[in-house]
Amino acid sequence: MAALSDSVKTVVVAVGGPTATGKTALAVSLAQRFKGEVVSADSMQLYRGLDVGTAKVTPQETRGIPHHLIDILSPETSFSVADYVLAAKNCIADIVGRGALPIVAGGTGLYITSLLGGMSFAPEKTDPVIRAELEARARAGQKEALWQELRQADPAYADTVHPNNLPRVIRALELYRSTGRRMSEQRRQALAQEEPYRSLCLCLAYRDRALLYRRIDERVDRMLEQGIVKEAELVWKNRETYRTAAQAIGYKEFFPYFEGQDDLPTCADRLKQASRNYAKRQLTWFRHQGQVVWLYVDEPGAPASERAEKLVADFLGRA
């Protein structure tokens, strides 16, 4: 099969980077400037009713720009990377059909790189018995043991997964136990021979890590004012069915408060630390991806938004 030339590929702009760097605002600004629509690449903003803890874009923040893949699922629903790639591909096709520019924006690096890299996923074989046993162990507090088991079975994949990310740990162990296949091998096999899009991926960051951490702490303080504790309590009460949310940063840090083990300030500090650690992992992920253009928010000179507009204009001019 002949390879598609860049001139006939669909053009996509992506905005990634760690939490609290202004990805939403930049995506909206670019959409206004270049007649675009935003496709969310956030694994938690998919869920309805989970707004504060996910820092979900508000109607005011969208400034009238259409946003896709937000509020599309109930919190009981699981959603895989394969599900995301298919849904995002359909959104991009619809946006292009309307003569608009697709702008993929969010902090879930796996979503962005899987989409832009053209990963294709075979139907996943599932084994309810194995999954139930693994989930029971997770509920019994054996998350570290599960991760160590994954590290023994598939060290390459385990190195990309935090022990707290139980859905991914369990899915990989289930795959290995039921089929003998490693998730790392499946991901390699899923890579496309050719990227399906002509893409520009912009990543926001801070050169001064202390400034990023300050922004994260300030965001958590705003979340407390906006009612994150009430939202976290909803997740805690439904933790057996809201399985993805129950493992998400922004909610599980408050569970000890509802269980009478810690006070609220301690849990809030735990959330700040977890968010800072997550930002480090996001930075590491994007730095390991090729062809990423970094824009530092705290760099002297023109604002990052102006630099981004020039980069996008140049990129589109070459389309």
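Keep in mind it's a predicted model, so treat the numbers as computed, not measured.

Enquirer: Provide a residue-level description of the packing of helix α5 (residues 128-139) against helix α6 (residues 143-153), including the pertinent values.
Expert: Across the interface, α5 lies against α6 with an axial gap of 7 Å and an inter-helix angle of 135°. Overall, the two elements α5 and α6 adopt an arrangement that is oblique. In this structure, α5 contributes Leu134, Arg137 and Ala138 to the contact, and α6 contributes Ala145, Leu146 and Glu149. Counted by class, the contact of α5 with α6 contains four nonpolar, no polar and two charged residues.

Enquirer: Run through unusual backbone geometry, naming residues and quoting values.
Expert: Phi at Lys35 takes a positive value of approximately 55°, unusual for a residue other than glycine. Secondary-structure assignment places Lys35 in the loop between α1 (23-34) and β2 (36-40). Even without being a glycine, Leu69 presents a positive backbone phi close to 65°. One can find Leu69 in the loop between β3 (67-68) and α3 (81-97).

Enquirer: Give a detailed account of the pattern of salt bridges, specifying residues and quantitative values.
Expert: Following the criterion strictly, the structure yields 21 salt bridges and no others. Glu174 is paired through a salt bridge with Arg131; the nearest N and O atoms lie 2.6 Å apart. Of this pair, Glu174 sits in helix α8 (residues 166-179) while Arg131 sits in helix α5, and the two are 43 residues apart along the sequence. On the basis of relative accessible area, Glu174 is assigned to the buried category, the value being 2%.

Rules behind the numbers
- Residues numbered from 1 in each chain as written.
- Predicted model: local features only at pLDDT ≥ 70, side-chain atom pairs only at ≥ 80, totals over all residues.
- Heavy atoms only, no water.
- Axes fitted to C-alpha atoms, helices over the stretch in contact; angles between N-to-C directions.
- Helix = DSSP H or I, 4+ residues; strand = E, 2+ residues; numbered from the N terminus.
- Parallel < 35°, antiparallel > 145°, perpendicular 65-115°, else oblique.
- Contact = heavy atoms within 4.5 Å.
- Nonpolar A, V, L, I, M, F, W, Y, C, P; charged D, E, K, R; others polar.
- Salt bridge = Lys/Arg side-chain N within 4 Å of Asp/Glu carboxyl O.
- Buried < 20%, exposed > 50% of the residue type's maximum accessible area, 1.4 Å probe, protein only.

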